[in-house]
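# Residue-level structural notes
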Amino acid sequence: SVLAGYNGTIFAYGQTGSGKTFTITGGAERYSDRGIIPRTLSYIFEELQKDSSKIYTTHISYLEIYNECGYDLLDPRHEASSLEDLPKVTILEDPDQNIHLKNLSRHQATTEEEALNLLFLGDTNRMIAETPMNQASTRSHCIFTIHLSSKEPGSATVRHAKLHLVDLAGSERVAKTGVGGQLLTEAKYINLSLHYLEQVIIALSEKHRSHIPYRNSMMTSVLRDSLGGNCMTTMIATLSLEKRNIDESISTCRFAQRVALIKNEAVLNEEIDPRLMIARLQKEVQELRDELALVTGEPRTEALTEAELL
Ligand SMILES: Nc1ncnc2c1ncn2[C@@H]1O[C@H](COP(=O)(O)OP(=O)(O)OP(=O)(O)O)[C@@H](O)[C@H]1O
């Protein structure tokens, strides 16, 4: 569907250690353990190669949300600076309530290999930022986005689709983890943002709710379109098999049950490329002028007459 111009989101939700990263990114050791991101990239580029009827452009962005702040995992300055020194990714909203992310870079990928390199670069940057006290991978939300545009040669209509592949932070409750200091702060932020995610899901699953509280957290703002809007969304619930985690597993299943109640309406994202439209109209005007000159025998000048200007 993304190839056809629809937005998509796949997100993994579950407690720490239940397999979210394994599902979304994959295990590092074996090729057969690769996750949804490398498999998706492989599928997309294979399909793009097969379809010579359209011109496709693919861009990648990789956002990390840590303690309610957004960071660009593909920022070239990453290697030289620590996470906190990088410019924060901020949310801008246009008059049509579309979300734009400032300071989040988009990188063109023309092959599967280039796209995979961007994934590895982002994951490496994520690991560099980790210290024993700050295991960002478990305490941050990560959103890998594939932006795909397509158009037929000569056509002015462009289709834009984006696919978010999301690895959420662990969903366990603070009380159980029994931590203090920085870990407690992080846990509070995670709980708060997952709580806001839950609030949004609850609001969306209840009919007749006119206000959906997307703005409460960065993650719900970024995923606004994916959760209740123009998007085909899939949630993967990851569960721990251990008996002591039964409460968390039940809570994950309850969350999944609520998410399953949401009905989204995805529409094709088509727009007219203004530059192509202008070029096409200019060509048409020229042809009509030539035709007119031929019929009347009077060559037309480029300058508009006073009457035309009025
Ligand atoms: N299906 C699986 N098969 C084999 N190993 C798995 C599977 N799922 C998870 N693992 C292993 O379990 C461990 C924890 O998984 P993972 O890091 O994906 O959990 P997580 O839910 O992302 O945790 P966190 O919230 O801390 O990021 C990893 O070592 C991973 O390799």
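Residues numbered from 1 in each chain as written. Predicted model: local features only at pLDDT ≥ 70, side-chain atom pairs only at ≥ 80, totals over all residues. Heavy atoms only, no water.

In plain terms, the rule: UniProt positions are given in the numbering used here, feature names are shortened, and annotations may be inferred rather than shown by experiment.
The chain is annotated in an unreviewed UniProt entry as Kinesin-like protein of Myotis lucifugus. Its UniProt record, at the heading Subcellular location (unreviewed entry), says of the chain: "Cytoplasm, Cytoskeleton". Recorded in UniProt for the chain, the comment headed Sequence similarities (unreviewed entry) runs: "Belongs to the TRAFAC class myosin-kinesin ATPase superfamily. Kinesin family."

### Some remarks on the nonpolar core
Note the cut-off: By nonpolar core we mean a set of buried residues, namely Ala, Val, Leu, Ile, Met, Phe, Trp, Tyr and Cys, connected to one another through side-chain atoms within 4.5 Å. Residue exposure (1.4 Å probe, protein chains only): buried if accessible area is under 20% of the type maximum, exposed if over 50%, otherwise partly exposed. Elements are defined by DSSP. Helices are runs of H or I of four residues or more, strands are runs of E of two residues or more, and each kind is numbered from the N terminus. The contact criterion used throughout is that any non-hydrogen atoms of two residues lie within 4.5 Å.
Counting 28 residues, the largest nonpolar core has Phe 11, Tyr 13, Leu 168, Leu 197, Leu 227 and Phe 255 as its most contacted members. Residue assignment for this core shows that the elements contributing at least two residues are strand E1 (8-14), strand E2 (55-66), helix H6 (181-205), helix H7 (218-222) and helix H9 (246-261). In terms of residue count, the dominant contributor to this core is H6 (seven residues). Those residues in contact with Phe 11 that sit more than four places away from it in its chain are Val 166, Leu 168, Leu 227, Thr 233, Thr 234, Met 235, Ile 236, Phe 255 and Val 259.

### Thoughts on the environment of Asp 51
The residue Asp 51 is located in the loop between helix H2 (36-50) and E2 in this model. Along the primary structure Asp 51 and Arg 209 are separated by 158 residues, whereas in three dimensions their C-alpha atoms are 42 Å apart.

### Some remarks on the pairing of E1
For a regular strand, side-chain orientation follows a simple rule: the groups alternate between the two sheet faces. Which entries qualify depends on this criterion: Paired strands, in this sense, are two strands between which DSSP finds at least two bridges.
Taking burial as the measure, the seven residues of E1 include seven buried ones, the bulk of the element. The alternating pattern of E1 places Gly 8, Ile 10, Ala 12 and Gly 14 on one face and Thr 9, Phe 11 and Tyr 13 on the opposite face, and all of these are buried. Where E1 and strand E9 (residues 232-238) come together, seven bridges link them in parallel fashion. The partner of Gly 8 across the bridge, within E9, is Met 232.

### A short note on the side chain of Thr 238
Structurally, Thr 238 can be placed in strand E9. On the basis of relative accessibility, which here comes to 7%, the residue Thr 238 falls in the buried class. With residues near it in sequence (within four places) discarded, Thr 238 still touches Tyr 13, Gly 14, Gln 15, Ser 18, Gly 19, Lys 20, Thr 23 and Thr 252.

### Remarks on the packing of aromatic side chains
Let me state the cut-off plainly: Two aromatic rings, drawn from Phe, Tyr or Trp (for Trp, its six-membered ring), form a pair once their centres lie within 6.5 Å of each other, and the interplanar angle then sorts them: stacked below 30 degrees, edge-to-face above 60, tilted otherwise. Criterion for a charge above a ring: Arg CZ or Lys NZ at most 6 Å from the ring centre, at most 35 degrees from the ring normal.
Enumeration according to the criterion identifies two aromatic pairs in this entry. A ring pair is formed by Tyr 13 and Phe 255, whose centres lie 4.0 Å apart and whose planes are at 10°; its orientation type is stacked. Of this pair, Tyr 13 sits in strand E1 while Phe 255 sits in helix H9, and the two are 242 residues apart along the sequence. For Tyr 13, a relative accessible area of 1% translates into the label buried. Consider the rings of Tyr 62 and Phe 144, whose centres lie 5.1 Å apart with planes at 85°: the pair is edge-to-face. With a gap of 82 residues between them, Tyr 62 in strand E2 and Phe 144 in strand E7 (residues 140-151) connect regions that are remote in the sequence. Assigned by exposure class, Tyr 62 and Phe 144 land together as buried. Arg 34 extends its terminal NZ or CZ atom over the ring of Tyr 31, reaching a point 4.0 Å from the ring centre.

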